[in-house]
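Structure at a glance
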Amino acid sequence: QRTALKRPDELKLSTPIIVMGLMKAGTTSIFGYFDCGLDANYSRITHYDCDPIHKNSTKIRMSCGKHMRVNIKYRRPAFDGMDNFHVYAEIDAQENHGGMTLPQW
């Protein structure tokens, strides 16, 4: 039997929850855990995509890591404009030139 979905303010953890794992470290599973357990009417959860402008679009999205890198480059707070998610399940980025942005480092 499935338990009732929770609102973020009912968690025993403070939010935002920021998963610091690198690629292939289970971030998709962690995202699935919170996506299944938190009531979508009250919670905001992201896995990799932190660009609120394109969230319902098929256009190329901006990853959390790239968004953070751009913010830091322009001397803004790292999470500025990242839509105040309750859970950030993956915060790295694959760049167009083949490089990686890994805010965890």
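Conventions and cut-offs
- Along each chain, numbering runs from 1 in the same order as the chain's sequence is written.
- A pLDDT threshold of at least 70 governs which residues receive local features in this predicted model, and a stricter bar of 80 or more applies before side-chain atom pairs are shown or counted, although totals over entire chains, interfaces and linings include all residues.
- Values shown for side chains rest on all heavy atoms present in the structure; no hydrogens or waters enter the calculation.
- Helix numbers and strand numbers start at the N terminus; a helix is a DSSP run of H or I with at least 4 residues, a strand a run of E with at least 2.
- For every residue, the accessible area obtained with a 1.4 Å probe (protein chains only) is divided by the maximum for its type, and the residue is called buried under 20%, exposed over 50%, and partly exposed between those limits.
- Residue contacts are counted whenever heavy atoms from the two residues lie within 4.5 Å of one another.
- Per-residue and other accessible areas were derived by the Shrake-Rupley procedure at a 1.4 Å probe size, with only the shown protein chains allowed to occlude residues.
- Each Phe, Tyr or Trp ring, with Trp reduced to its six-membered ring, pairs with another whose centre is within 6.5 Å; inter-plane angles below 30 degrees give stacked pairs, above 60 give edge-to-face pairs, and intermediate values give tilted ones.
- Whether a charge sits over a ring depends on NZ of Lys or CZ of Arg being within 6 Å of the ring centre and within 35 degrees of the ring normal.

Scanning the protein chain for helices and strands turns up 2 helices and 5 strands. Secondary structure of the protein chain in N-to-C order comes out as β-α-β-α-β-β-β. Counting every position in the protein chain, which comprises 105 residues, the buried fraction comes to 32%. Taking as baseline every contact in the protein chain between residues at least 6 positions apart, the subset at least 24 positions apart corresponds to 62%. Of the roughly 7300 Å² that the protein chain leaves accessible, carbon and sulfur atoms contribute 52%.

Attention now goes to the environment of Met100. Mapping Met100 onto the fold places it in strand E5 (residues 100-101). Sequence-wise, Met100 and Gly65 are 35 residues apart; in three dimensions their C-alpha atoms are separated by 8.8 Å. Setting aside anything within four residues of it in sequence, one finds Met100 in contact with Met23, Ala93, Gln94 and Glu95.

Across all of its chains, the model carries 3 aromatic pairs by this definition. A ring pair is formed by Tyr33 and Phe34, whose centres lie 5.2 Å apart and whose planes are at 80 degrees; its orientation type is edge-to-face. For Phe34, a relative accessible area of 10% gives the class buried. Their ring planes at 70 degrees and their centres at 5.1 Å tell us that Phe79 and Tyr88 sit as a pair that is edge-to-face. Judged by its relative accessible area of 31%, Phe79 falls in the partly exposed class. An aromatic cluster of at least three residues, connected via ring pairs, comprises Phe79, Phe85 and Tyr88. One cation-aromatic arrangement involves Arg7 over Tyr42; the distance from NZ or CZ to the ring centre is 5.2 Å.

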